[in-house]
Number of protein chains: 2
Amino acid sequence: MDMPSPDYPEVRRLHLFSGMAGEHYGALMRGAYVQNFPPQIELITEGETSDFLHIILSGSVDLFSSWNGRETSIATVRPISTFILAATIRDAPYLMSARTLEKSRIVLIPSQDVRAVFEVDNEFARAIVTELAQRYRAIVKITKNLKLRTSLERLANYLLQQREQAGGASAFDLEFEKRRLASLLGMTPENLSRAFKGLRPYGVSVKGNHIVIDIDKGIERFAKPDPLIDDPDS
Amino acid sequence: MDMPSPDYPEVRRLHLFSGMAGEHYGALMRGAYVQNFPPQIELITEGETSDFLHIILSGSVDLFSSWNGRETSIATVRPISTFILAATIRDAPYLMSARTLEKSRIVLIPSQDVRAVFEVDNEFARAIVTELAQRYRAIVKITKNLKLRTSLERLANYLLQQREQAGGASAFDLEFEKRRLASLLGMTPENLSRAFKGLRPYGVSVKGNHIVIDIDKGIERFAKPDPLIDDPDS
DNA sequence: CGCCGGAATTGATAAATGTCAATCCAATGA
DNA sequence: TCATTGGATTGACATTTATCAATTCCGGCG
């Protein structure tokens, strides 16, 4: 299962690593290893200190958090990207837990190696800035979405985002379980069901995880998508 | 009102600038200026592109955001610290607006200068990483607070935080208007009033903006503060 | 001092969201 | 094929939160 010193060109090509010195990259990878995880494995538990920087090569990972017996999904990580970079850099406890959603292949780089290379490789430091700035902006958008919109509006905008991602096709499939989607959107599964019904007048129909949107029925007028909340990048 | 080439030692001492080369610091400050703003001035409007990195020397600034006629406060910035760093670094549109809450003195550094120095000064780049990681973690906590807690729980934890900040004193004053507090906590002013009443059984009494907490009445047991949500630092 | 105006509070009500229990449904495996 | 199982849906209901309107409170000012 383990695989020492992985040499995945796609990792090297990641923005985070592409500019750094070869020897530093080598130093990072010497201590790293790759592992395949089955679905639903908890990779990281919030509150623990950061031992490894994680990079997901395939599959998907749920970042979630718990308090007082409640739990909520905060984001989904997809290949190829790192996660829990901020905790690694600050050598601080994880604020979120992480679990595989499906079978996933993940690179683990010891946090102390990351911090050591960060101290000596300037391009790596600069790449981390870009990465962190992007993640910061992503979660600002999540917060705005939560505070400024009702659950119906959040769902409508989520569907428009997915539609966009499917190349603007009128039909597409939901990318994960509805109960997890509900949690991401900050509502209960029961409420998500009702929200889907609530969007029917705007041309949304649902069959299992298959969605069809009749774009002429005014969903955009209802959702009022805003690049400052809904654009995944920028 | 304007003041070219400011030389505030407290700016130089900021973690963000303390490690960088003197000439680079000088280059940043040559293009910078300091300005005094009255209360309620909008310094930054979301959606615009980042012209200046802002540093607050005195006073306080509200970061807020709007959508579809609604508005919400997201965070408060206090001296001495920067704000809207991520947008500056990425040369991307602001995701939040900023307004002074009181009379405030603010340093403005042209964003292009910041980016130019970022490219050549390695210590500066590393300092930005630390700063961004910290801000990222701060907003993750904000999101967790919003998604995992009811408004009553958010208020209870906020009060415990303030109490802590007042040195654990049984009495302290709220630091800003209740309607703004309501917005920060994600509720309406009316609801905040009722939430204060709802905490009365737990030993919270309110008179204007003066708060007294009888800590033995079980507010901590109710609030269940959690460092992974409520600790301002780490 | 008394008036004014904005914020805060209160009450009544509505809307949004959550909870609980009872199905329904679709995928899985014997 | 059928039984099992877990997610999804539905209905009934409770709770939370928002809205609207009417005071009340309080600080500044004439």
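**Here's the deal with the protein's contact with DNA strand D**
The local shell around DNA strand D holds 15 residues, among which Lys178(A), Ser193(A), Lys197(A), Ser151(B) and Asn191(B) are the closest. Backbone atoms, meaning sugar plus phosphate, form 65% of the atoms of DNA strand D positioned within 4 Å of the protein. Within the side chain of Ser193(A), an N or O atom sits 2.7 Å from a phosphate oxygen of DNA strand D. Considering each element in turn, the surface near DNA strand D owes the most residues, 4 residues, to helix α9 (residues 189-198) of chain A. Its residues assigned to classes, the surface near DNA strand D shows 1 nonpolar, 6 polar and 8 charged.

**What to know about the relation of the copies chain B and chain A**
Least-squares fitting of chain B to chain A yields an RMSD of 0.0 Å, with the transformation described by 0.0 Å of translation along the axis and a rotation of 180°. Such values leave the two copies arranged in the relation of a two-fold axis. The residues that chain B uses at the interface reappear at the interface of chain A in 100% of cases, marking a shared surface.

**Points about the sheet that holds strand β10 (residues 171-173) of chain A**
Residue and element names in this part refer to chain A. Pairing is antiparallel across the open sheet formed by 3 strands, whose spatial order is β10-β12-β11. Where the open sheet ends on each side, the last strands, each with one partner, are β10 and β11 (204-207). Shown here is a sheet whose adjacent strand axes are inclined to one another by a mean of 20°, direction ignored. Two elements, β10 and strand β12 (residues 210-213), share 3 bridges in a ladder whose sense is antiparallel. Residue Phe172 lies in a different strand from β12, and its bridge partner there is Ile211.

**Comments concerning the pattern of salt bridges**
Tallying each qualifying case throughout the model produces 24 salt bridges over all chains. Among the ionic pairs, Glu175(B) bridges to Arg78(B), the shortest N-O distance being 2.9 Å. Residue Glu175(B) is located in the loop between β10 (171-173) and α8 (178-184), and its partner Arg78(B) is located in the loop between β6 (70-77) and β7 (81-83); the two are separated by 97 residues in the primary sequence. Its relative accessible area of 31% is what places Glu175(B) among the partly exposed residues. Three or more residues joined by partner-sharing salt bridges are found here, namely Asp62(A), Glu71(A), Arg99(A) and Arg180(A).

**Remarks on unusual backbone geometry**
Residue and element names in this part refer to chain A. Geometrically, the link from Pro79 to Ile80 is a cis peptide bond, its omega value of -15° lying close to zero. On the secondary structure map, Ile80 appears in the loop between β6 (70-77) and β7 (81-83). The backbone of Lys224 sits at a positive phi, close to 50°, despite the residue not being glycine. With respect to the helices and strands, the residue Lys224 is situated in the loop between α10 (219-223) and α11 (227-230).

**Focus: the interface of chain B and chain A**
It is common to give the size of an interface as the accessible area lost on bringing the parts into contact. Between chain B and chain A, the contact holds 58 residues from the first and 58 residues from the second. For the pair chain B and chain A, the summed buried surface comes to about 5000 Å²; carbon and sulfur atoms form 68% of the total. The largest share of the area that chain B buries against chain A comes from Trp67(B), Leu95(B) and Lys147(B), three residues that together contribute 17% of it. Across the pair Lys144(B) and Glu46(A) runs a salt bridge, and its minimum N-O distance is 2.9 Å. At the boundary of chain B with chain A, the tally comes to 32 residue pairs in polar contact (both at pLDDT 80 or more). Looking at the side of chain B that touches chain A, the elements that each hand over two or more residues are β5 (61-67), β6, α4 (85-90), α5 (111-120), α6 (122-148), α8 and α11 (227-230) of chain B. Considering each element in turn, the side of chain B that touches chain A owes the most residues, 21 residues, to α6(B). Tallied by class, residues from the side of chain B that touches chain A come to 28 nonpolar, 14 polar and 16 charged.

**Remarks on the domain arrangement of chain A**
Residues and elements named next belong to chain A. Entries for chain A in the domain assignment read domain 1 (3-146) and domain 2 (150-230). The interface is formed by 13 residues belonging to domain 1 together with 10 residues belonging to domain 2. Around 1000 Å² of area is buried between domain 1 and domain 2 when both sides are counted, 46% of it from carbon and sulfur atoms. Contact with domain 2 buries area across many residues of domain 1, yet Ser73, Lys141 and Asn145 alone supply 42% of it, more than any other trio. Applying the counting criterion to the domain 1 and domain 2 interface returns 2 salt bridges. Between Arg180 and Asp62 there is a salt bridge; the shortest N-O distance is 2.2 Å. Where domain 1 touches domain 2, the interface holds 7 residue pairs in polar contact (both at pLDDT 80 or more). Of all the secondary-structure elements, those providing two or more residues to the side of domain 1 that touches domain 2 are β6 and α6 (122-148). Examining the composition of the side of domain 1 that touches domain 2, we find that 6 residues originate from one element, β6, more than from any other. Of the residues in the side of domain 1 that touches domain 2, the class split is 4 nonpolar, 4 polar and 5 charged.

Criteria and thresholds
- Residues numbered from 1 in each chain as written.
- Chains lettered and ligands numbered in written order.
- Predicted model: local features only at pLDDT ≥ 70, side-chain atom pairs only at ≥ 80, totals over all residues.
- Heavy atoms only, no water.
- Near = heavy atom within 4 Å.
- Polar contact = N/O pair within 3.5 Å; in protein donor to acceptor, adjacent residues only side chain to side chain.
- Helix = DSSP H or I, 4+ residues; strand = E, 2+ residues; numbered from the N terminus.
- Nonpolar A, V, L, I, M, F, W, Y, C, P; charged D, E, K, R; others polar.
- Least-squares fit on C-alpha atoms with pLDDT ≥ 70 in both.
- Contact = heavy atoms within 4.5 Å.
- Pairing = 2+ DSSP bridges.
- Axes fitted to C-alpha atoms, helices over the stretch in contact; angles between N-to-C directions.
- Salt bridge = Lys/Arg side-chain N within 4 Å of Asp/Glu carboxyl O.
- Buried < 20%, exposed > 50% of the residue type's maximum accessible area, 1.4 Å probe, protein only.
- Buried area = accessible area lost by both parts, 1.4 Å probe.
- Domains from an automatic or database assignment.

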